[in-house]
Amino acid sequence: MGFFDSEVVQQEAKQLFEDYQDLTRLGGEFGKFDREGKKIFIEKMEDMMERYRIFMKRFELSEDFMAKMTIEQLKTQLSQFGTTPEQMFMQMNQTLERMKKEI
């Protein structure tokens, strides 16, 4: 069975994508949140990033050709912006740390 044939992988990917979209939409209102709302938003973003990091590690460790291609495509896309997956996670963490300091 291929990596993407797994129902667990499909469900995780779907849930991760939906959570990311929801948080991104919600992030547009971040400035309007009260202090507790901002804390909750940051915690949810941190949780989502950790889930994403784990999901990506599963891709990297997989022997499945399509999983390896997905990682390579991500690296190629990010390199067009002058970054790597590791740098992307670092930048996201730095942003969340700045947000924490502001509240």
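Going by what an unreviewed UniProt entry lists, the chain is known as DUF1825 domain-containing protein and is assigned to Cyanobacterium stanieri.

## Looking at the pattern of salt bridges
Throughout the structure, instances matching the rule amount to 11 salt bridges. E18 serves as the salt-bridge partner of K14, at 2.9 Å between the closest nitrogen and oxygen. With K14 and E18 both in helix 1 (residues 7–27), this residue pair falls four residues apart, about one helical turn. Residue class for K14 comes out partly exposed when judged on its relative accessible area of 46%. Judged by its relative accessible area of 29%, E18 falls in the partly exposed class. One continuous salt-bridge network, built from bridges that share partners, spans E46, E97 and K100.

## Some words on the packing of aromatic side chains
A complete count under the given rule lists eight aromatic pairs for this structure. Summarising the aromatic geometry, the rings of Y52 and F89 are spaced 5.5 Å apart at their centres and angled 50° between planes, so their arrangement reads as tilted. Here Y52 is found in helix 2 (residues 35–61), whereas its partner F89 is found in helix 4 (residues 85–102), with 37 residues between them in sequence. With a relative accessible area of 9%, F89 lands in the buried category. Ring geometry for F55 and F59: centres 5.0 Å apart, planes at 75°, overall edge-to-face. With a gap of four residues between them, F55 and F59 both fall in helix 2, about one helical turn apart. By the burial criterion, F55 is buried, and F59 matches it. Residue placement shows R53 over the ring face of F89; its charged tip is 4.5 Å from the ring centre.

## Considering the nonpolar core
Judged by nonpolar contacts, the single largest core of 21 residues is most densely connected at F41, M45, M48, M56, F59, L96 and M99. Those elements giving two or more residues to this core turn out to be helix 1, helix 2, helix 3 (65–79) and helix 4. Sorting elements by how many residues they give to this core places helix 2 first, with eight residues. Excluding residues that lie within four positions of it along the chain, M45 makes contacts with L23 and L96.

Conventions and cut-offs
- Residues numbered from 1 in each chain as written.
- Predicted model: local features only at pLDDT ≥ 70, side-chain atom pairs only at ≥ 80, totals over all residues.
- Heavy atoms only, no water.
- Salt bridge = Lys/Arg side-chain N within 4 Å of Asp/Glu carboxyl O.
- Helix = DSSP H or I, 4+ residues; strand = E, 2+ residues; numbered from the N terminus.
- Buried < 20%, exposed > 50% of the residue type's maximum accessible area, 1.4 Å probe, protein only.
- Phe/Tyr/Trp six-rings, centres within 6.5 Å; stacked < 30°, edge-to-face > 60°.
- Lys NZ or Arg CZ within 6 Å of the ring centre and 35° of its normal.
- Core = buried A, V, L, I, M, F, W, Y, C linked by side-chain atoms within 4.5 Å.
- Contact = heavy atoms within 4.5 Å.

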